[in-house]
Amino acid sequence: MTAVSVGMNYQGTGRCSQALGTSWLPRSRHRQLEMGHLRGAGRTVSHRNLQHLFLFLLFIGPFNCFASYSRATELFYSLNEGLPAGVLIGSLAQDLRLHGVAAEGPPTRRGDPVLSFSLASQGLGGQYVSLDNRSGELHTSALQIDREALCLETGAGSPASLPAPSSEPCLLLLDVLVLPQEHFRLVKVKIAIRDVNDNAPRFPVPNMRLWVPENAPVDTRLAIEHLALDPDLGTNAVQTYRLQDNYGVFTLDVEENESGERTPYLIVMGALDREDREEYVTLIIAEDGGTPPLLGSATLIIGISDINDNCPQFSDSQLNITVYGNSSAETHVATIHAVDMDLGSNAQISYSYSQKVPQPSKDLFHLDESTGAIKLSSKIDGDAPRLHRLTILANGAGCIPAVITVLVSIIKVMLRPPEVVPRFIANEVEGVVYLKELEPVNTPIAFFTIKDPDEKYKVDCFLDGNGPFKLSPYKPYNNEYLLETTRPLDYEVQQLYEISVIAWNSEGFHVNKIIKVQVLDDNDNSPVFPQQLIELSIEENNAPNAFLTKLHATDADSGERGKVSYFLGPDAPSYFSLDKTTGVLTVSTQLDREEKEKYRYTVKAIDSGLPPRESIATVTITVLDKNDNSPRFINKDFSFFVPENFPGLGEIGVISVTDADSEQNGWVALSVVNGSDIFVIDTGKGVLRAKVSLDREQQSSYVLWVEAVDGGDPALSSTAKITVLLLDINDNPPLVLFPQSNTSYLLVLPSTLPGSPITEVYAVDKDTGMNAVIAYSIIGRRGPRPESFRIDPKTGNITLEESLMQNDYGLYRLLVKVSDHGYPEPLHSTVMVNLFVNDTVSNESYIESLLRKEPDINIEEKEPQISIEPTHKKMESPSCVPTLVALSIISLGSITLVTGMGIYICLWKGKKHHRADENLEVQIPLNGRIDLHMLEKKPMEISNI
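Being a predicted model, the structure only gives us computed values, none of them experimental.

Looking only at helices and strands, the protein features 8 helices and 60 strands. For the protein, long-range pairs separated by at least 24 residues make up 69% of all intrachain contacts whose partners lie at least 6 apart in sequence. When the accessible surface of the protein is summed, it comes to about 53400 Å², and 52% of that surface belongs to carbon and sulfur atoms.

In structure tokens form, the structure reads like this:
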């Protein structure tokens, strides 16, 4: 589709104006995006605004020689509805072929002006587009275009909520101004909105009813009035209709009229019979032509209307009746009944005698036209015929009458039968006696008087029928009988009894008086639960208002007395509810098995009798476990202290973990996440073990992460940090690093002053704590004057004690013992320190030969002690004495302080404050404080033994 742009030039005014004729502009570019047609949704610039704009331009024309003319141009675009923001509709600068700077780039030709574009008004159309003022590009805005909302009208005869599609295209009209003024142009932009299949067909009503006569012939067509509406256009609108279930007797046909409207017709494909089926229910489905197609449906109820296609019928063709000749008027003879399968007026039946029936028979036997009942119109005359053939017709509208023959035989009676005259004691209505159940035994019902009309025959009377009744003579009268009960009546066992009181005379004539006894219900039964203990179960974390069960109790009583209501017992928690009418038991909140596993309470079933009766049942609810709890360690962090060299697979510690779930969900398996090559866990007991013996000197601590996994599905887990700290034991003796050899020596000049350091013994211990505290001692000496040298027990420094004389020249050999303070047994090493006292070393070979000889050194028994920090638990008993002394001094000082304070208070009351201060300073002794300070500074010694 191509749009033509037309430019209209207006003659300017002023000295720069010139006459210009009308010109045709080139065709504008036509840009299309994907989606259908819409009607004009309204202009964005009104005619009033345009008039004001043109007046403004005419006004400024004389003052601007460049405003010689203006032009109006029209552009046409099309795009689909529902596009997102930012989709390019068209470029006005390119489509108008404007020469100028339409963007922020350089001008296309030298001297071309910078153009700007703007919407003349931000009306309805401006909401759906965005215009770049510099480039002139037109894009879709964030507000999506809905063609049906903009351009659809409400169809005639359809609800306002269902718009009808219009045949006119949907246009979005915009007015765009191109500036500056000397290049002013008004561009009218028309955007056609194309339709997409975004609406499903919809019927105006959810249910439709269509009546079809049962005698409708095959191919009968019935129009469906309510059509499905689809706001979309073209193939996206409704294309076809179909039935979900045609029952083999219906189909749909769609007809299209000249305007393109499609109407579905229901076509009868088979024979219909209302007497076989009165109604067909199916779905009518409307389908559009989109890709994929969208569907809409409504319920179609096809009712089969009745026609008079059935006539009355008798089940028998002849009925034989016997009547006694002494029967009185209004005696019931018989009732005939015909059946018509039609409905309403088509099934109305009237009864009449055939013309073949003699008039005397018609006069003697009355026929009810509506009910078909035959009664004696009068007492039978002795001369009446003994046989009457009554031909009776059953008449229906438009039908041939059905015929039945009633043969009435009259038995001639020479003697009159006995008479039975009842006098009811109990409540009686139309021959029915009403008795309450649980009436006591021998409850009287009626008196019966037996008479012989001829008064010359003996009459016997007895009771016939089943039931708890008896008929006995009522003395002292000969012809009176009393009917009474023999046991209590029970409505739940039997509600109606039919008994006969029969009177016989001696000639064999008898009369039968039928008595009906209706038992009235009483509230004598309580509701009964099938089970007294109702055991239920439900998984924990159930949904709110979860269904538990439906209680059902039966009550054998009738009516309101048997109506049962259900109630919770007082011991039921508040979050359980029981519907009093239906008996549905629900729980309103989530249950937590870990909080409570068993619930036990009572429920009541109460009937509506007066007074009401009730029964109680017990409900037990077991909350089934779900794996909703992760294993939980007692501590987040576990620390175990283990002595080094602890035997392999020995018990390091127990890792305690619990899981609040039950059974398999509560089974917990432990495993070491890291370091599993050294440590293992006994899953059953949680015991942590090391596979091998651990050496603190190789690694002093281990950090493990232990994971606990339960047996649920899916499994839940948690982790804990385990720290294994190795306690040091004294398993390493001190290692002497210097001197490096027992045969090395050091030259000591005789002029060395006393107290001068000579050398040192340096050793280390791999253990820690007291096990690594090293003491140095000389345990053996050899030389001219070996006591001239001493060793510092802490540092291992060897110093000269006395001045060396000329006689002291020679080789000194000191055996140094390096010992730790390990517990329970200290370990030690020895080293030989060789000192050569001389001015020079003149003969090294001689000295080396002396060093190679085995020294004859006596080991000293007593070793020097070393003062160390009091970190070891083993102390000598004298170490307690300073503590006792300190405590005594503190106590004495406290007593002195209290005494001084008392004296100070007493003196303060009678003297001035400065005198009291002087006396207080004199009263407080200082010697106790000085002694305590000196005692705290006294070092504590620990033996090195």
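Let us look at the pairing of strand β50 (residues 701-710). Taking every second residue as pointing to the same face, the buried face of β50 carries Tyr702, Leu704, Val706, Ala708 and Asp710, while none of Ser701, Val703, Trp705, Glu707 and Val709 on the other face is buried. In this structure, strand β47 (residues 668-672) lies alongside β50, joined through 5 bridges in antiparallel fashion. When the sheet's bridge partners are listed, Ser671 is paired in β50 with Glu707. Bridge analysis of β50 against strand β51 (residues 717-727) gives 9 bridges, and the strand direction is antiparallel. Opposite Ala708, over in β51, you have Ser718 as the bridge partner. Between β50 and β51, which pair antiparallel and follow one another directly, the connecting turn spans 6 residues.

Quick look at the pattern of salt bridges now. Inspection of every chain in the model, using the stated rule, returns 22 salt bridges. Across the salt bridge formed by Glu480 and Arg423, the nearest N and O atoms sit 2.5 Å from each other. Here the residue Glu480 occupies a position in strand β33 (residues 480-485), and Arg423 occupies one in strand β27 (residues 419-424), the gap between them amounting to 57 residues. The exposure class of Glu480 is buried, given its relative accessible area of 11%. According to the relative accessible area criterion, Arg423 is partly exposed, its value standing at 42%. With a shortest N-O distance of 2.0 Å, Arg785 and Glu802 are connected by a salt bridge. Placement of Arg785 in the loop between β56 (774-782) and β57 (789-791) and of Glu802 in the loop between β58 (797-800) and β59 (810-820) is noted, with a sequence separation of 17 residues between them. Overall, the relative accessible area of 16% leaves Arg785 in the buried class. For Glu802, a relative accessible area of 37% puts it in the partly exposed group. Where salt bridges share partners, they join Arg274, Glu275, Glu278 and Asp306 into one cluster.

A few words now on the pairing of strand β29 (residues 432-436). Both strand β28 (residues 427-429) and β29 contribute to a ladder of 3 bridges, which runs antiparallel. Across the sheet, residue Glu428 finds its bridge partner in β29, namely Val433.

Such a bond, covalent and formed between the sulfur atoms of two cysteines, is termed a disulfide. Here the structure, examined in full by the defined rule, presents 2 disulfides. Each sulfur of the disulfide joining Cys311 and Cys399 lies 2.3 Å from the other. Classification of the bridge connecting Cys311 and Cys399 rests on its S-S torsion, roughly -85 degrees, and on that basis the disulfide is left-handed. Taken as a pair, Cys311 in the loop between β17 (295-305) and β18 (313-314) and Cys399 in the loop between β25 (387-395) and β26 (402-411) lie far apart in primary sequence, 88 residues in all. Its relative accessible area of 13% is what places Cys399 among the buried residues.

The next point concerns the side chain of Ser361. Within the secondary structure, Ser361 sits in helix α4 (residues 359-364). Setting aside residues no more than four positions away along its own chain, Ser361 makes contact with His388 and Leu390.

Mapped onto the secondary structure, Asp625 falls in the loop between β42 (614-624) and β43 (632-633). In this structure Asp625 comes out as buried when scored by relative accessible area, which is 15%. At a separation of 2.9 Å, a polar atom in the side chain of Asp625 contacts the side chain of Arg593. Among the polar contacts made by the side chain of Asp625, one reaches the main-chain amide nitrogen of Ser662 at a distance of 3.1 Å. Not counting residues within four places of it along the chain, the set of residues in contact with Asp625 comprises Glu540, Arg593, Glu594, Asp661, Ser662 and Asn665.

Below, the discussion takes up the packing of aromatic side chains. With the rule as written, the count across this model stands at 14 aromatic pairs. Between Phe638 and Phe640, the ring centres sit 6.3 Å apart and the planes meet at 15 degrees, which makes this aromatic pair stacked. Ring centres of Phe789 and Tyr812 lie 5.2 Å apart, and the angle between their planes is 70 degrees; this geometry places the pair in the edge-to-face category. Residue Phe789 is located in strand β57, and its partner Tyr812 is located in strand β59; the two are separated by 23 residues in the primary sequence. The same class applies to Phe789 and to Tyr812, which are both buried. Taken together, Tyr575, Phe576, Tyr599 and Tyr601 form an aromatic cluster joined through their ring pairs.

Right, let's get into the sheet that holds β28. Within the open sheet, the 5 strands sit side by side as β28-β29-β35-β34-β31. Their pairing is mixed. Here the strands that pair on one side only, and so sit at the sheet edges, are β28 and β31 (459-464). Direction aside, the axes of adjacent strands within the sheet are offset by 25 degrees on average.

Okay, the environment of Ser130 next. Tracing the backbone shows Ser130 in strand β5 (residues 129-131). Accessibility expressed as a relative area gives 34% for Ser130, which makes it partly exposed. Expressed as a C-alpha distance, the spacing of Ser130 and Gly86, which sit 44 residues apart in the sequence, is 8.3 Å. Discounting chain neighbours no more than four positions away, the residues touching Ser130 are Glu137, Leu138, His139, Thr140 and Ser141.

Calculation criteria
- Residues numbered from 1 in each chain as written.
- Predicted model: local features only at pLDDT ≥ 70, side-chain atom pairs only at ≥ 80, totals over all residues.
- Heavy atoms only, no water.
- Helix = DSSP H or I, 4+ residues; strand = E, 2+ residues; numbered from the N terminus.
- Contact = heavy atoms within 4.5 Å.
- Areas by Shrake-Rupley, 256 points an atom, 1.4 Å probe, with all protein chains shown as cover.
- Buried < 20%, exposed > 50% of the residue type's maximum accessible area, 1.4 Å probe, protein only.
- Pairing = 2+ DSSP bridges.
- Salt bridge = Lys/Arg side-chain N within 4 Å of Asp/Glu carboxyl O.
- Disulfide = S-S within 2.5 Å.
- Polar contact = N/O pair within 3.5 Å; in protein donor to acceptor, adjacent residues only side chain to side chain.
- Phe/Tyr/Trp six-rings, centres within 6.5 Å; stacked < 30°, edge-to-face > 60°.
- Axes fitted to C-alpha atoms, helices over the stretch in contact; angles between N-to-C directions.

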